[in-house]
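Coordinates in review
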Amino acid sequence: MSDVLARVEAGLRSAFGEPDARAAVTFLGTDRIEVLRFPVPGTGDAPGAGAADGDAVRYATLGMSAHPMADPTSPLADPVRGPRAELLLTVRPGRADTDKVLRPLAVLAASPQVEGLVVAPGASLDTGEPLWPGAPFTAVLVGEPGGLVADLELGEPMDPVRFLPLLPMTPNEAAWKRVHGAAALQERWLRHGTDLRDPLRKGVPLD
């Protein structure tokens, strides 16, 4: 486990540079989850975002990939084989106290251990509370991996670690996505030039 996480952290540092802060959260009955914060100056790589110039801050979980995610319908979890992932969230700093997202992110990263979830692209994850104070989001859409950090190969028989971007959703967007699907919501975001990194953005028109 420690070797996997050491390689994951090395991969994050290689992609994003040195973190400028980190915090750890431990939940009863689970391994420790860390969240690293990376400054991202002058970025233009937000998936599905419209306005993309200017600084950003990126949060990355570390600990979710220590164990493979198990299918909750499977009677016996494989301790080696199975999907592994870490979560990434990118927002613009200054408009909100986004560092308060550390605990909600850790909660989401611990969900495979706590709830037996298999987190995959297109899924919705709900924290049950605002991602940060004043945030209009309590849920996120799991995006496709590979755009920010390449999959980390661990060697057979282990699956690679995938780095999954999280895209905050308003309650109306989350409800609309449940009916119409992730691709339809992302198309709406693109059509309206939605800045998905804005920590206080309004919901996209859904009529």
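With respect to the confidence of the model for the chain
- For the chain, mean pLDDT is 89; residues scoring 70 or higher make up 92% of the total.
- The low-confidence segment residues 43-53, where pLDDT is below 50, has 28 contacts with residues more than four positions distant or belonging to other chains.

Some thoughts on the pattern of salt bridges
- As enumerated under the stated definition, the model contains 12 salt bridges in all.
- With a closest N to O distance of 2.8 Å, D20 and R37 form a salt bridge. With D20 in the loop between α1 (2-16) and β1 (21-25) and R37 in strand β2 (residues 33-40), this pair connects stretches of sequence that are 17 residues apart.
- Taking relative accessible area as the criterion, D20 reaches 43% and is therefore assigned partly exposed.
- Between D195 and R92 there is a salt bridge, with the nearest N and O atoms lying 2.8 Å from each other. Within this pair, whereas D195 is found in the segment after α4 (182-191), its partner R92 is found in the loop between β4 (84-91) and α2 (102-115), the two being separated by 103 residues in sequence.
- With relative accessibility at 13%, the residue R92 sits in the buried group.

Observations concerning the nonpolar core
- Y59, L87, L89, V119, W132 and L166 are the most contacted members of the largest nonpolar core, which has 29 residues in total.
- Counting residues per element, the ones that place at least two in this core are β2, β3 (56-62), β4, α2, β6 (139-142) and β7 (161-169).
- With five residues, α2 is the largest single contributor of residues to this core.
- Excluding anything up to four places from it in sequence, L89 contacts V57, R58, Y59, V101, L105, W132, L166 and P168.
- Listed in part, the 17 residues of the second largest apolar core include L12, A60, A66 and V149.

Considerations on the side chain of S65
- By secondary structure assignment, the location of S65 is in the loop between β3 and β4.
- Overall, the relative accessible area of 0% leaves S65 in the buried class.
- A distance of 2.6 Å separates a polar atom in the side chain of S65 from a polar atom in the side chain of E86.
- Dropping the residues within four chain positions of it, S65 is found in contact with V4, L5, V8, R84, A85, E86 and V161.

Remarks on the sheet that holds strand β5 (residues 124-126)
- Ordered in space as β1-β2-β3-β4-β7-β6-β5, the seven strands form an open sheet in which the pairing is mixed. Unpaired on one side and paired on the other, β1 and β5 mark the two borders of the sheet. Neighbour-to-neighbour, the strand axes of this sheet turn through a mean angle of 30 degrees, independent of strand direction.
- Two elements, β6 and β7, share four bridges in a ladder whose sense is antiparallel.

Quick notes on α2
- With 14 residues, α2 ought to run about 20 Å at 1.5 Å a step, and its terminal C-alpha atoms sit 19 Å apart, in line with that.
- The largest bend in α2 amounts to roughly 40 degrees and is located at A109, with the proline P112 lying one to four residues further along.
- Along α2, the residues classified as buried are P104, L105, A106, L108, A109, A110, S111 and P112.
- Count one or two residues on from α2 and you reach G116, which has phi positive near 70 degrees.

Examining the packing of helix α3 (residues 171-180) against α4
- Between α3 and α4, the least distance of the axes is 7 Å, while the angle of their chain directions is 130 degrees. What the angle tells us is that α3 and α4 run oblique. Across from E173, W176, K177 and H180 in α3, the residues of α4 making contact are A182, A184, L185, R188 and W189.
- The residue inventory of the contact of α3 with α4, partitioned by class, reads five nonpolar, one polar and three charged.

As for α3
- Listed as buried for α3 are E173, A174, W176 and K177. In an axial view of α3, the angular spread of the buried residues amounts to 165 degrees, which keeps them on one side of the axis. For α3, the exposed residues set more than 90 degrees away from the buried face come down to N172, R178 and V179.
- Of the surrounding secondary structure, the elements contacted by the buried residues of α3 are β5, β6, β7 and α4.
- Downstream of α3 by a residue or two, G181 has a phi angle that is positive, lying close to 100 degrees.

Parameters at a glance
Residues numbered from 1 in each chain as written. Predicted model: local features only at pLDDT ≥ 70, side-chain atom pairs only at ≥ 80, totals over all residues. Heavy atoms only, no water. pLDDT = per-residue confidence, 0-100. Contact = heavy atoms within 4.5 Å. Salt bridge = Lys/Arg side-chain N within 4 Å of Asp/Glu carboxyl O. Helix = DSSP H or I, 4+ residues; strand = E, 2+ residues; numbered from the N terminus. Buried < 20%, exposed > 50% of the residue type's maximum accessible area, 1.4 Å probe, protein only. Core = buried A, V, L, I, M, F, W, Y, C linked by side-chain atoms within 4.5 Å. Polar contact = N/O pair within 3.5 Å; in protein donor to acceptor, adjacent residues only side chain to side chain. Pairing = 2+ DSSP bridges. Axes fitted to C-alpha atoms, helices over the stretch in contact; angles between N-to-C directions. Expected span 1.5 Å × (residues − 1). Bend = angle between axes of the 7 residues up to and from the residue. Parallel < 35°, antiparallel > 145°, perpendicular 65-115°, else oblique. Nonpolar A, V, L, I, M, F, W, Y, C, P; charged D, E, K, R; others polar. Arc of directions from axis to C-beta.

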